[in-house]
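Chain residues, written in single-letter form:
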Amino acid sequence: MTSAAYAAPVMSWYAHHARDLPWRRPDASPWSILVSEIMLQQTPVSRVIPAHAAWLDRWPEPRALASASVADALRQWDRLGYPRRAVRLHASARLITSRHGGRVPSSAEELRSLPGVGAYTAAAVASFAFGQRRAVLDTNVRRVLARLVVGESRPAPTVSAAERLLADRLLPPDGKLAARWSVGLMELGALVCTAARPRCAECPLADQCAWLRRGYPPSPRRRRAPGYEGSDRQCRGKLLAVLRDAQGPVGASTLAAAWNDAGQRDRCLAALLADGLVTRGTDGSLGLPGDEPPRPETPGQTA
DNA sequence: CACCCGTGGCG
DNA sequence: TCGCCAAGGGT
């Protein structure tokens, strides 16, 4: 069996309902697409749209970002979340500049070797930016296929070999068509076949859906997510926010004011240093990597 | 492979 | 109110 029974309805639905997103426009560069994919990792489209525009406006190509500092990247990243993505994107820009002549590589294998680029992002960029025939398995595609074909409400926590096989089998033979198919499935998952409250009445595949046919059997409860309040994640976020908002390196007392629990604060600071999100100066001050100390007043200009 | 990594919005 | 969710990646 081919994807024929699914492809036509999905393609048609996508043609009518796709959102006009900047990184989907025909003239979107591979760099623009790569940046969008990194930003979209666990961050909603609505928040990525303005951040992506500002990023591309400031750094229109990899070379430009490569010549900036990590501190610049982290400040531009602002509050998108998971700031390690900004550090890795910056490192990727430098690798693209040094090893690929400033051009985003086109093969999934080369893309996969860039920091912050995993199986999903490598396939997405290879497919969407270069028209290569790669199955794109993100959470939306996985959920749609789990419901449509397997008849389960949610995909498994990790991608299985059977899933990859299924995705490969459904992929249209032509690279450009495959990209269209993948983005169509993703969009369907994002707008119709949503994790909560799916809109089956609007789904072009409803009459073929195994999950619907089986009466929407629920998936077993997942482990409850750990609370955020008081977590290391919140602590790290607070500390980094202080450094983002500061003009340059700050003293330990400034960071101390941002988080009461000294033990947790020190532990999180050590982790931030290990992650390359923070650097410690020779004078013991803390700052974003590449941040320069405040300019001393120019002699003669002070009163 | 389970766990960790930010942030904000929504039902 | 608060748990869940949002185009994952690294270890």
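Every chain's residues receive numbers from 1 upward, in the order its sequence appears when written. To label them, take the chains in the order written and letter them from A, then take the ligands in the order written and number them from 1. Local features in this predicted model are restricted to residues of pLDDT 70 or higher, and side-chain atom pairs are both shown and tallied only at a pLDDT of 80 or more, whereas totals for entire chains, interfaces and linings draw on every residue. Calculation of side-chain values draws on the structure's entire complement of heavy atoms; hydrogens and water are dropped beforehand.

### Some thoughts on the nonpolar core
The biggest cluster of nonpolar side chains holds 51 residues, and the ones touching the most others in it are Trp 31 and Trp 55. Helix numbers and strand numbers start at the N terminus; a helix is a DSSP run of H or I with at least 4 residues, a strand a run of E with at least 2. Sort the elements by how many residues they give to this core and helix H2 (residues 30-39) lands first, with 6 residues. The domain limits used here are those given by an automatic or database domain assignment. Shared between two domains, this core takes at least three residues from each, and those domains are domain 1 (7-213) and domain 2 (232-287). Put simply, a nonpolar core is a bunch of buried Ala, Val, Leu, Ile, Met, Phe, Trp, Tyr and Cys residues held in one set by side-chain atoms that sit within 4.5 Å of each other. Categorising residues by exposure relies on relative accessible area from a 1.4 Å probe, with only protein chains included: less than 20% of the type maximum marks a residue as buried, more than 50% marks it as exposed, and the intermediate range marks it as partly exposed. Ranked by size, the runner-up nonpolar core spans 32 residues in total, among them Val 10, Tyr 14, Ala 167 and Cys 209.

### Focus: the packing of aromatic side chains
Pairing of aromatic rings covers Phe, Tyr and Trp, the last through its six-membered ring, and needs centres within 6.5 Å; plane angles under 30 degrees mean stacked, over 60 mean edge-to-face, and all others mean tilted. The full count for this structure, using the stated rule, is 3 aromatic pairs. Ring geometry for Trp 55 versus Trp 77: centroids 5.6 Å apart, planes at 85°, classification edge-to-face. Within this pair, whereas Trp 55 is found in helix H3 (residues 45-58), its partner Trp 77 is found in helix H5 (residues 70-77), the two being separated by 22 residues in sequence. This pair shows no difference in class: Trp 55 is buried, exactly as Trp 77 is. Geometrically, the ring pair formed by Trp 211 and Tyr 216 is edge-to-face, given 4.8 Å between the ring centres and 90° between the ring planes. Three or more aromatic residues joined by ring pairs form one cluster here, namely Trp 55, Trp 59 and Trp 77.

### Here's the deal with the protein's contact with DNA strand C
Around DNA strand C, 29 residues are found, and the nearest of them are Trp 23, Leu 40, Thr 121, Asn 140 and Arg 222. Contact distances for DNA strand C include 2.7 Å between a base nitrogen and a side-chain N or O atom of Trp 23. Here a polar contact is taken to be a pair of N or O atoms separated by no more than 3.5 Å, where protein atoms must pair a possible hydrogen donor with a possible acceptor and residues adjacent in sequence count only if both atoms sit in side chains. Residue Thr 121 places a side-chain N or O atom 2.6 Å away from a phosphate oxygen belonging to DNA strand C. Looking at the surface near DNA strand C, the elements with two or more residues in it are helix H6 (84-99), helix H8 (119-130), helix H9 (139-150) and helix H11 (175-191). We call a residue near a molecule or strand when any one of its heavy atoms sits within 4 Å of it.

### Comments concerning the protein's contact with DNA strand B
Taken together, 17 residues are adjacent to DNA strand B, and Arg 47, Tyr 82, Pro 83, Arg 197 and Arg 236 come closest. Within 4 Å of the protein, the contacting atoms of DNA strand B are drawn from sugar and phosphate to the extent of 60%. Side-chain polar atom of Thr 43 to a base nitrogen of DNA strand B: 3.0 Å apart, as the coordinates give it. Here Leu 80 contributes a backbone N or O atom positioned 3.1 Å from a base nitrogen of DNA strand B. With 5 residues, the top contributor of residues to the surface near DNA strand B is helix H13 (residues 232-245). Classifying every residue of the surface near DNA strand B by side-chain character gives 4 nonpolar, 4 polar and 9 charged. The residue classification treats Ala, Val, Leu, Ile, Met, Phe, Trp, Tyr, Cys and Pro as nonpolar and Asp, Glu, Lys and Arg as charged. All others, Gly included, are polar.

### Describing unusual backbone geometry
In the Ramachandran plot, Tyr 82 falls in the positive-phi region, its phi being about 45° despite a non-glycine side chain. Take Tyr 82: it is sitting in the loop between H5 and H6. Its identity is not glycine, yet Arg 197 carries a phi of approximately 50°, on the positive side. Within the secondary structure, Arg 197 sits in the loop between H11 and helix H12 (210-213).

### Digging into the state of the cysteines
Note that a disulfide, as used here, is simply two cysteine sulfur atoms within 2.5 Å. Counted according to the given criterion, the structure contains 0 disulfides. In this structure Cys 203 is a free cysteine whose sulfur lies 6.1 Å from that of Cys 193, the closest cysteine sulfur available. The closest cysteine sulfur to the non-disulfide-bonded Cys 235 is located on Cys 268, 3.6 Å from its own sulfur.

### With respect to empty space enclosed by the protein
Every definition here rests on a 1 Å grid over the protein atoms only: cavities are sets of points where a 1.4 Å probe fits but cannot get out, pockets are open sets enclosed by protein on both sides within 12 Å along at least five of seven lines, and lining residues have some atom within 4 Å of a point. Grid points are joined across faces, edges and corners, and a volume is the space filled by probe spheres set on the points. With the rule as written, the count across this model stands at 2 cavities of 30 Å³ or more. Here the largest cavity is characterised by a volume of approximately 110 Å³. Forming the walls of the largest cavity are 15 residues, and the residues nearest its centre are Arg 147, Cys 193, Cys 200, Cys 203 and Cys 209. If you list the elements that add at least two residues to the lining of the largest cavity, you get H9 and H12.

### What to know about the domain arrangement of chain A
Split by domain assignment, chain A resolves into domain 1 (7-213) and domain 2 (232-287). Once you take the C-alpha centre of each, domain 1 and domain 2 turn out to be 32 Å apart. In what follows, a contact means two residues having at least one pair of non-hydrogen atoms within 4.5 Å. The partner domain 2 presents 11 residues to the 9 residues of domain 1 that form the contact. Put simply, buried area is how much 1.4 Å-probe accessible surface two parts lose in total, over both of them, once they are put together. Both sides together, the interface formed by domain 1 and domain 2 hides about 770 Å², and carbon and sulfur atoms give 50% of it. Ranking the residues of domain 1 by area buried against domain 2 places Leu 74, Arg 75 and Arg 84 at the top, with a combined share of 53%. A side-chain nitrogen of Lys or Arg and a carboxyl oxygen of Asp or Glu constitute a salt bridge if their distance falls within 4 Å. Between the two partners, domain 1 and domain 2, sit 1 salt bridge. Across the pair Arg 84 and Asp 275 runs a salt bridge, and its minimum N-O distance is 3.9 Å. Where domain 1 touches domain 2, the interface holds 5 residue pairs in polar contact (both at pLDDT 80 or more).

### Some thoughts on helix H1 (residues 4-17)
The length a helix should cover is 1.5 Å for every residue beyond the first. Look at H1: 20 Å from first C-alpha to last across 14 residues, which is about the 20 Å you get at 1.5 Å a residue. Buried residues of H1: Tyr 6, Ala 7, Val 10, Met 11, Trp 13 and Tyr 14, and no others. In this structure, the buried residues of H1 make contact with H9, helix H10 (161-170) and H11.

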